[in-house]
Amino acid sequence: MNSRESSALPSLLDWVDFKWLMASQGRRVDVDRLQCDSGYAEQCVALALTLPSELLRRLALKLRRQAAAAPR
C-alpha cells in the first residue's frame, strides 16, 4: 500500500466500485450520501463485510482504513 492510498479520502471511483459491488449482492447504496455522511458510510461498509463477495469485503476494508486515516 502506498502512502497516498493510506492517507487519502476514499475516491469517487472507489465509492462507485463499492456501489456496484453492493448492487451485485442485492444491496442499494447512495454514493452521494456515502461521501458526506460518515455514519451511513460506516453502516454500509459494516454490512459489506458480512456479505459473501471477497472482492467487496476487500474494498470495504480499504474504504474503512482510508476513512479512519483521513484528517478530521
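Just so we're clear, the structure is a prediction, and the values are computed from it rather than from any experiment.

Some thoughts on the overall build of the chain
And step 1. When helices and strands are tallied, the chain shows 5 helices and 0 strands.
And step 2. When the helices and strands of the chain are listed from N to C terminus, the series reads α-α-α-α-α.
And step 3. Looking at the 72 residues of the chain, the share that counts as buried comes to 31%.

A word on the pattern of salt bridges
And step 1. Evaluated as defined, the whole model comprises 4 salt bridges.
And step 2. Salt-bridge contacts for Lys 62 lead to Asp 14; the nearest nitrogen and oxygen are separated by 3.3 Å. One end of the pair, Lys 62, is in helix H5 (residues 54-69); the other, Asp 14, is in helix H2 (residues 12-24), with 48 residues separating them in the sequence.
And step 3. Of the residues examined, Asp 14 reaches a relative accessible area of 11% and is grouped as buried.

With respect to H2
And step 1. Look at H2: 18 Å from first C-alpha to last across 13 residues, which is about the 18 Å you get at 1.5 Å a residue.
And step 2. In this structure, the buried residues of H2 make contact with helix H3 (31-36), helix H4 (38-48) and H5.
And step 3. Phi turns positive, to about 80 degrees, at Gly 26, one or two residues after H2.

A short note on the environment of Ala 41
And step 1. Within the fold, Ala 41 resides in helix H4.
And step 2. For Ala 41, a relative accessible area of 8% gives the class buried.
And step 3. Here the alpha-carbon distance between Ala 41 and Ala 60, two residues 19 residues apart in the chain, equals 9.9 Å.

Quick notes on the nonpolar core
And step 1. Core analysis: the biggest nonpolar cluster contains 17 residues, and Trp 15, Phe 18, Met 22, Val 29, Leu 34 and Leu 56 have the highest contact counts within it.
And step 2. Those elements that provide at least two residues to this core are H2, H3, H4 and H5.
And step 3. If one sorts the elements of this core by residue count, H4 sits on top with 5 residues.
And step 4. With near-sequence residues (within four places) excluded, Val 29 lies in contact with Phe 18, Lys 19, Met 22, Leu 34, Tyr 40 and Cys 44.

Topic: the confidence of the model for the chain
And step 1. Per-residue pLDDT for the chain averages 90, and the proportion of residues at 70 or more is 88%.
And step 2. A low-confidence stretch, residues 1-6 stays under pLDDT 50, and its non-local contacts, those more than four residues away or across chains, total 6 contacts.

Cut-offs used in this document
- Residues numbered from 1 in each chain as written.
- Predicted model: local features only at pLDDT ≥ 70, side-chain atom pairs only at ≥ 80, totals over all residues.
- Heavy atoms only, no water.
- Helix = DSSP H or I, 4+ residues; strand = E, 2+ residues; numbered from the N terminus.
- Buried < 20%, exposed > 50% of the residue type's maximum accessible area, 1.4 Å probe, protein only.
- Salt bridge = Lys/Arg side-chain N within 4 Å of Asp/Glu carboxyl O.
- Expected span 1.5 Å × (residues − 1).
- Contact = heavy atoms within 4.5 Å.
- Core = buried A, V, L, I, M, F, W, Y, C linked by side-chain atoms within 4.5 Å.
- pLDDT = per-residue confidence, 0-100.

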